[in-house]
Amino acid sequence: AVVSTQSTGNKLLSNRLLFLGKYREFHNLVKAGELRGAADLLVSLVESKMGPPRFQITLLLDSLPLINGGPTGEIVMSSRQTYVLMKALEDMQIKKLLKEGDSQKVETIRLALVTNLASSLLEEPW
C-alpha cells in the first residue's frame, strides 16, 4: 500500500510539473509571436485538465489575446478550439468552480469566444 501511495503521489507531482512546464512554454510562444502554436498548446492544456480545476479560468483569461486575434486581428483559433474553450467555461460554471467575483471575467471570455466562433466559422472551408 505504501508503494502504491508513493507511486500515485509521484504521478500527481509529475503531472503538475508537466503542466507548469507546458504553461511556461505557452507564454514563451506568445512572447515569440507564435500565436497558432500557443493556441494549440493552450487548448491541449484545457482539454487535458492536468492543471488544478480552479486554474481553468486563468487559462481561459490567457486565451483572450488569441481569441481576439492578437495584434493583427487575424483569426488564430479554429472553431473546434473555440468549442473546447466554451465547453471548459460551461463545465466550470456547472461544477461551480467560479468565484462570485468572476462574473465579469466570464462574460468577457464568453463574448470573445462567441465572436471568435462566428469569425472562424466564416473563414473555415466547408
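Here, every reference points to the structure presented above.
Residues numbered from 1 in each chain as written. Predicted model: local features only at pLDDT ≥ 70, side-chain atom pairs only at ≥ 80, totals over all residues. Heavy atoms only, no water.

**Describing the packing of helix α2 (residues 35-48) against helix α5 (residues 79-94)**
Our working definition: Where helices are involved, their axes are fitted lines through C-alpha atoms of the stretch in contact, as for all axes, and angles between N-to-C directions lie from 0 to 180°. The way it works is that DSSP assigns letters per residue, a run of H or I at least four long becomes a helix, a run of E at least two long becomes a strand, and they are numbered from the N terminus. In this scheme, a crossing is called left-handed if the near helix is turned counterclockwise away from the far one by less than a right angle; it is called right-handed if the turn is clockwise. Between two residues, a contact is recorded if the distance between any of their heavy atoms is within 4.5 Å. Under this grouping Gly is polar, as are all residues other than the nonpolar Ala, Val, Leu, Ile, Met, Phe, Trp, Tyr, Cys and Pro and the charged Asp, Glu, Lys and Arg.
Look at α2 against α5: their axes get within 10 Å of each other, and the N-to-C directions meet at 35 degrees. For the pair α2 and α5, the crossing hand works out as left-handed. Between α2 and α5, the residues in contact are A39, D40, V43, V46 and E47 and R80, Q81, V84, L85 and A88, respectively. Its residues assigned to classes, the contact of α2 with α5 comprises six nonpolar, one polar and three charged.

**Considerations on the packing of α5 against helix α6 (residues 103-123)**
Applicable threshold: Each angle gets one of four labels, with under 35 degrees taken as roughly parallel, over 145 as roughly antiparallel, 65 to 115 as roughly perpendicular, and the rest as oblique.
Two elements in contact, α5 and α6, have axes whose closest approach is 9 Å; the angle formed by their N-to-C orientations is 155 degrees. Of the possible angle classes, the one that applies to α5 and α6 is roughly antiparallel. For the element pair α5 and α6, the recorded crossing hand is left-handed. Residues S79, T82, Y83, L85, M86, L89, E90 and Q93 of α5 touch α6, and the partners they reach there are V106, I109, R110, L113, V114, N116, L117, S120 and L121. Along the lines of polarity and charge, the residues of the contact of α5 with α6 split into ten nonpolar, five polar and two charged.

**What to know about the environment of L29**
Inspection of the secondary structure assignment puts L29 in helix α1 (residues 2-31). Between the C-alpha atom of L29 and that of P52, which follows or precedes it by 23 residues, the distance is 22 Å. Aside from chain neighbours lying at most four places away, what touches L29 is E34, G37, A38 and L41.

**Section: α6**
Threshold: How far a helix is expected to stretch is found by multiplying one less than its residue total by 1.5 Å. In this scheme, a residue with accessible area under 20% of its type's maximum is buried, one over 50% is exposed, and one in between is partly exposed, where area comes from a 1.4 Å probe on protein chains only. Note that the arc is defined by the directions from the helix axis to the C-beta atoms.
Over its 21 residues, α6 extends 30 Å from the first C-alpha to the last, a length consistent with the 30 Å expected when each residue adds 1.5 Å. Within the span of α6, buried status applies to V106, I109, A112, L113, N116, L117 and S120. All buried residues of α6 lie within an arc of 140 degrees about the axis, which places them on one face of the element. Facing away from the buried side of α6, by more than 90 degrees, are the exposed residues Q104, L111 and L122. Contacts made by the buried residues of α6 are with α3 (56-62), α4 (64-67) and α5.

**Thoughts on the packing of aromatic side chains**
Our working definition: By convention, a stacked pair of Phe, Tyr or Trp rings (six-membered ring in the case of Trp) has centres within 6.5 Å and planes under 30 degrees apart, an edge-to-face pair has planes over 60 apart, and any other such pair is tilted.
Throughout the structure, instances matching the rule amount to four aromatic pairs. Seen from their ring centres, F19 and F55 are 5.5 Å apart, and the 85 degrees between their planes marks the pair as edge-to-face. One end of the pair, F19, is in helix α1; the other, F55, is in the loop between α2 and α3, with 36 residues separating them in the sequence. Owing to a relative accessible area of 4%, F19 belongs among the buried residues under this scheme. Residue classification places F55 among the partly exposed positions, given a relative accessible area of 24%. Ring plane angle 20 degrees and centroid distance 6.4 Å describe the contact between Y23 and F26, whose orientation is recorded as stacked.

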